[in-house]
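One-letter residues, chain by chain:
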Amino acid sequence: MGNVLLGIWALLLGIVLIMLGNGMHFTLIGLRGGIEGFSAAELSVVTSGYFMGFLSGARITPLLIRRVGHVRVFAALGSFMSAALIAFPLVPEPWTWTLLRILIGFCMSGVYVTAESWLNHAATNETRGKVLSAYMIAQTLGIIGAQGLLTLGDAGTSVLFICASILVSVSFAPILLSATPVPAVEVARPMPLRRLFAASPLGTVGIFLLGGVYATQSGMAAVFGTQIGMGTSEIALFVAMLFAGALVLQYPIGWLSDQMDRRGLIFGAAVLGGAACLAGWTTGGSLWMLMAAAFLAGGVTTPLYALFLAFTNDTLAAEDMPAASGGLVFTFGLGAIAGPLATGWAMERTGPDAFWLVLAVTFAAIALYALYRMTRRAAPPVEETESYLNVLPTSSPVAVEAAGAWAAENAGEIEDTEEEEPEEEEPRP
């Protein structure tokens, strides 16, 4: 593992710095929006704007890379993102913020496509799983660390936005100085939703609903905290707990995924997430109960994303996996656009606690649909399923396709090993 990290440390350092800046800006939107008097509905539109841009970037960036190359695209996206972060406090108006968020979402999607293509190129079949795992851990640590940085400044000034911009600008130095040219990235055209649904109804519906959960947690948590009167440090801790839970629960859920019917595990994780959200709704304002609810609700969200990817791949031939990965990323993005809008509308009409209720209802829908699908189709034998690999919801189709290829290769190697029988020794003369 040490040799693997040695070869990609600059890329991972750059990713951590990018996530520090991007993670700061996600929470800052809710904090500063509350100071500016934006409503929950307005901030939900701003939140959804990011995922609109993210979907566009995932499709357009590969075309740009083929035209001008990785380095130029990476540098241009970094410049636009850094400028957009500084612009937020200059024009505190909801529709302007929405446009800026679309731009940042587009840039971040392009950054992921470019960085992940470099990482994928640097990995071999033997190291790809370790490289992707290290990349996902770096992303999560960056987001968690960003929440701590928020406590060092005042959201009512421009300081924190400037700090986020500086982090993003600096992050590109280690990546650009260490990265070598790679072939133009090829991303498979997403599988049509009708065909994807026919192949895996649970994977398609589940990942759409999960998109709403993830976007609501990452984009509306700070809005919820502001509206119930949390301070900046409390909101930062609240958001950090959402991602800390994912870091802790990823391994045990991943281990279970390779031991049992994944639909049962999806059901159980969704039930746990829904129960945590109901607990958050009934806390009565207890800070530590809110933190525990965030830890569990956020803790199952990221593993569920990887579970849906793995489960869908279980039902497909190897040649269909790249297109299905693109279709699932697109479906998740649609849910991520819709989720904050529904949450913002509910919070506007019934109060901030609707944040928890919308999440609980969505988790319940995932659990019930998983339970229904368990009655419609027999589970494949565990030994015939693809291997589980942690993939974050923020990943581009490049990482999702690479993870699917690794899972298929790894499962194939395990199956071949199991099928090999020891040769009988010839009797000695």
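Going along each chain's sequence as written, the residues are numbered from 1 onward. Reporting in this predicted model follows two pLDDT cut-offs: at least 70 for local features of residues, and 80 or more for side-chain atom pairs to be given and counted; totals over whole chains, interfaces and linings ignore these cut-offs and use all residues. Values shown for side chains rest on all heavy atoms present in the structure; no hydrogens or waters enter the calculation.

J.: Go over the packing of helix H3 (residues 70-87) against helix H4 (residues 94-122), please, and point to the residues and values.
T.: Relative orientation and spacing of two packed helices are given, respectively, by the angle between their axes and the distance between those axes. Working convention: axes come from line fits to C-alpha atoms, limited for helices to the stretch in contact. Angles between N-to-C directions cover 0 to 180 degrees. The helix count covers DSSP runs of H or I at least four residues long, the strand count covers runs of E at least two residues long, and both are numbered beginning at the N terminus. Relative to each other, H3 and H4 sit at 150 degrees, their axes nearing to 9 Å. Judged by the inter-axis angle, H3 sits roughly antiparallel to H4. Along this stretch, H3 crosses H4, giving a crossing that reads as left-handed. For the pair H3 and H4, contact is made by His 70, Val 71, Val 73, Phe 74, Leu 77, Phe 80, Met 81, Ala 84, Leu 85 and Ala 87 and by Leu 100, Leu 103, Ile 104, Phe 106, Cys 107, Met 108, Gly 110, Val 111, Thr 114, Ala 115, Ser 117 and Trp 118, respectively. When describing relative orientation, an angle under 35 degrees is termed roughly parallel and one over 145 degrees roughly antiparallel, while 65 to 115 degrees is termed roughly perpendicular and anything else oblique. Crossing handedness follows the turn of the near helix against the far one: under a right angle anticlockwise gives a left-handed crossing, and clockwise gives a right-handed one. Residues count as neighbours in contact if any of their non-hydrogen atoms are within 4.5 Å of one another.

J.: Can you explain the environment of Thr 27? Please cite residues and give values.
T.: Take Thr 27: it is sitting in helix H1 (residues 2-35). Spatially, the C-alpha atom of Thr 27 lies 7.9 Å from that of Ala 221, the residues being 194 residues apart in sequence. Beyond its immediate stretch of four places on either side in the chain, Thr 27 contacts Gln 147, Leu 150, Ala 222, Ile 235 and Val 239.

J.: How would you explain the side chain of Thr 61 if you had to name every residue and give the values?
T.: Inspection of the secondary structure assignment puts Thr 61 in helix H2 (residues 40-68). Relative accessible area serves as the criterion here: at 0%, Thr 61 is assigned to the buried category. In this view, Thr 61 contacts Val 73, Gly 110, Val 113 and Thr 114; residues no more than four positions away in its chain are not counted. For every residue, the accessible area (1.4 Å probe, protein chains only) is compared with the maximum for its type, and the residue is labelled buried under 20%, exposed over 50%, or partly exposed between those bounds.

J.: Break down the pattern of salt bridges for me, citing the residues and quoting the values.
T.: The term salt bridge refers to a pairing of a side-chain nitrogen on Lys or Arg with a carboxyl oxygen on Asp or Glu at a separation within 4 Å. Tallied over the full model, the rule gives 3 salt bridges. The salt bridge partner of Arg 32 is Glu 36, with a shortest N-O separation of 2.9 Å. Residue classification places Arg 32 among the buried positions, given a relative accessible area of 7%. Residue Glu 36 is classed as partly exposed on the basis of its relative accessible area, which comes to 31%. A salt bridge links Asp 261 to Arg 263, with the nearest nitrogen and oxygen atoms 3.1 Å apart.

J.: An account of the nonpolar core is requested, with residue identities and associated values reported.
T.: In plain words, nonpolar cores are sets of buried Ala, Val, Leu, Ile, Met, Phe, Trp, Tyr and Cys residues tied together by side-chain atoms within 4.5 Å. The biggest cluster of nonpolar side chains holds 134 residues, and the ones touching the most others in it are Phe 238, Tyr 305, Phe 355 and Trp 356. Leave out the neighbours within four places in its chain, and Phe 238 touches Ala 221, Phe 224, Met 230, Leu 290, Met 291, Ala 294, Phe 355 and Trp 356.

J.: Account for the side chain of Ser 109, naming residues and giving values.
T.: Mapped onto the fold, Ser 109 is located in helix H4. The exposure class of Ser 109 is buried, given its relative accessible area of 0%. The contact partners of Ser 109, leaving out residues within four places of it in the chain, are Phe 54, Gly 57 and Ala 58.

J.: A description of helix H12 (residues 321-350) should follow, citing residues and the corresponding values.
T.: In this analysis, the expected span of each helix is defined as 1.5 Å times one less than the number of residues it contains. Given a rise of 1.5 Å per residue, 30 residues ought to cover 44 Å, and the 42 Å separating the end C-alpha atoms of H12 matches this to within 8%. Note on H12: the residue one or two positions beyond its end, Gly 351, has a positive phi of about 110 degrees.

J.: I'd like a description of the packing of aromatic side chains, backed by residues and values.
T.: The criterion for an aromatic pair is that two Phe, Tyr or Trp rings (for Trp, the six-membered ring) have centres within 6.5 Å, with stacked assigned to planes under 30 degrees apart, edge-to-face to planes over 60 apart and tilted to the rest. Summed over all chains, the structure comprises 19 aromatic pairs. For the pair Tyr 214 and Phe 332, a centre-to-centre distance of 6.1 Å together with 50 degrees between the ring planes defines the contact as tilted. Remark: Phe 332 occurs in helix H12 and Tyr 214 occurs in helix H8 (residues 201-227); sequence separation between them is 118 residues. Like Tyr 214, the residue Phe 332 is buried in the burial classification. Centroid distance Phe 224 to Phe 238: 5.8 Å. Interplanar angle 40 degrees. Geometry classified as tilted. Here Phe 238 lies in helix H9 (residues 232-257) and Phe 224 lies in helix H8, a separation of 14 residues in the sequence. A relative accessible area of 1% means that Phe 224 is categorised as buried. Taken together, the ring pairs connect Phe 26, Tyr 50, Phe 51, Phe 54 and Tyr 112 into an aromatic cluster. Charges are assigned to positions over rings by a cutoff of 6 Å between ring centre and Lys NZ or Arg CZ, combined with an angular limit of 35 degrees from the ring normal. If you follow Arg 101 out to its NZ or CZ, it ends over the ring of Phe 26, 4.4 Å from the centre.

J.: Can you break down helix H10 (residues 262-281) residue by residue, with the values?
T.: Here H10 contains 20 residues, and its C-alpha end-to-end distance of 28 Å stays within 8% of the 28 Å for a straight helix at 1.5 Å per residue. Among the residues of H10, those classed as buried are Arg 262, Arg 263, Leu 265, Ile 266, Ala 269, Ala 270, Gly 273, Gly 274, Ala 276, Cys 277 and Gly 280. Taken down its axis, H10 places every buried residue within 165 degrees of arc, on the same side. Among the structural elements, H8, H9, helix H11 (287-314) and helix H13 (354-374) are those in contact with the buried residues of H10. As used in this structure description, the phrase polar contact means that two N or O atoms lie within 3.5 Å; if the pair is within protein, one of them must be able to donate a hydrogen and the other to accept it, and residues adjacent in sequence are counted only when both atoms belong to side chains. The N-cap of H10, judged by a side-chain oxygen 3.0 Å from the amide nitrogen of Arg 263 a few residues on, is Asp 261. Here the arc refers to the directions that run from the helix axis out to each C-beta atom.

J.: Can you explain the packing of H8 against H11? Please cite residues and give values.
T.: At a closest axis distance of 10 Å, the pairing of H8 and H11 adopts a crossing angle of 150 degrees. With respect to H11, the axis of H8 lies roughly antiparallel. In this structure, H8 crosses over H11, and the sense of that crossing is left-handed. Two secondary-structure elements touch here, H8 through Leu 202, Gly 203, Gly 206, Ile 207, Leu 210, Val 213, Tyr 214, Gln 217 and Phe 224 and H11 through Leu 290, Ala 297, Gly 298, Thr 301, Leu 304, Tyr 305, Phe 308, Leu 309, Phe 311 and Thr 312.

J.: Would you mind going over the environment of Glu 116 in detail, with residue names and values included?
T.: Looking at the element boundaries, Glu 116 is found in helix H4. Judged by its relative accessible area of 3%, Glu 116 falls in the buried class. For the pair Glu 116 and Ser 396, spaced 280 residues apart in sequence, the C-alpha to C-alpha distance is 7.7 Å.

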